[in-house]
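Architecture at a glance
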Amino acid sequence: MIIPVSVAGCSDTVLSNGSEGEGDTIEIMVENRTDDRAQIGVRVEDDDGEVLFSRVYELESGHLDSSAGIETTPATVTAFTPDGVSATWEYAPDLDMDCDGEDIGLTLQSDGSIESWYAC
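The text that follows walks through the structure, step by step, so that each part is easy to find. The numbers attached to residues start from 1 for each chain and follow its sequence in the written order. In keeping with the model being predicted, local features are shown solely for residues with a pLDDT of at least 70 and side-chain atom pairs are shown and tallied solely at 80 or more, while totals for entire chains, interfaces and linings include all residues. With hydrogens and water stripped out, all remaining heavy atoms of the structure feed into the side-chain values.

Gaps left between atoms show up when a probe the size of a water molecule is rolled over them. Roughly 170 Å³ of internal volume is contained in the second largest pocket. Under the scheme applied here, ten amino acids are nonpolar (Ala, Val, Leu, Ile, Met, Phe, Trp, Tyr, Cys and Pro), four are charged (Asp, Glu, Lys and Arg), and all others, including Gly, are polar. Across the lining of the second largest pocket, the residue classes break down as four nonpolar, six polar and three charged. Cavities and pockets are defined on a 1 Å grid built over the protein atoms alone: a cavity is a set of grid points where a 1.4 Å probe fits but cannot escape, while a pocket is an open set with protein on both sides within 12 Å along at least five of seven lines, and lining residues are those with an atom within 4 Å of any such point. Grid points are joined across faces, edges and corners, and a volume is the space filled by probe spheres set on the points.

Quick look at the structure:
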């Protein structure tokens, strides 16, 4: 039996034998904190520049989408909007976090900037 579990915007699957679902999946969480519907493109690449993930999100104001993930540790993350706002950063989660495969988070702020963050 599979039981879906949702916690604060994140989801996981717990199997009846007590084991957890894909613990090594790195979730990609995209949030829109603007007052309007927004399109946010995300591209994740490995060390060789190969694209691991590419998607354009269309999110209502105040919404977060955490429905996608990758199985391979990335090297860089790029986020961009149709208005020309963009940000690129290295995947370098805080080493003090105690979890496997820190999730990638990014937020389109109300001032139009893109903020990167990590979560377990």
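Having put the structure on the table, let's press on.
Moving on: the sheet that holds strand S5 (residues 51–59). As a general point, the strands of a sheet are linked pairwise by backbone hydrogen bonds and lie either parallel or antiparallel. By the convention used here, strands pair only if DSSP detects at least 2 bridges between them. Helix and strand assignments follow DSSP, with helices taken as H or I runs no shorter than four residues and strands as E runs no shorter than two, numbered in order from the N terminus. Strand order in the open sheet formed by four strands is S5-S4-S7-S8, and the pairing between neighbours is antiparallel. Each edge of the open sheet is held by one strand with a lone partner, namely S5 and strand S8 (86–90). On average, each strand axis in the sheet is inclined to that of its neighbour by 10 degrees, with strand direction left out of account. In this sheet, S5 lies alongside strand S4 (residues 38–45) in antiparallel orientation, the contact comprising eight bridges. Across the sheet, residue Ile 40 finds its bridge partner in S5, namely Tyr 57. Note on geometry: axes are lines fitted to C-alpha atoms, helical ones only across the stretch in contact, with angles between N-to-C directions running from 0 to 180 degrees.

Next up on the list: the nonpolar core. Ile 28 and Val 42 are the most contacted members of the largest nonpolar core, which totals 22 residues. Of all the secondary structure elements, the ones that give two or more residues to this core are strand S3 (26–32), S4, S5, strand S6 (64–70), strand S7 (76–80), S8, strand S9 (103–108) and strand S10 (114–119). Per-element tally for this core: the top contributor is S4, with four residues. Ile 28 has contacts with Val 42, Val 44, Phe 53, Tyr 57, Asp 65, Ser 66, Ala 68, Gly 69, Ile 70 and Ile 104, leaving out every residue within four places of it along the chain. Residue types Ala, Val, Leu, Ile, Met, Phe, Trp, Tyr and Cys, when buried and joined through side-chain atoms within 4.5 Å, form a set referred to as a nonpolar core. The rule is simple: take the accessible area with a 1.4 Å probe, protein chains only, and divide by the maximum for that residue type; under 20% is buried, over 50% is exposed, in between is partly exposed. The contact criterion used is simple: two residues touch if any of their non-hydrogen atoms lie within 4.5 Å.

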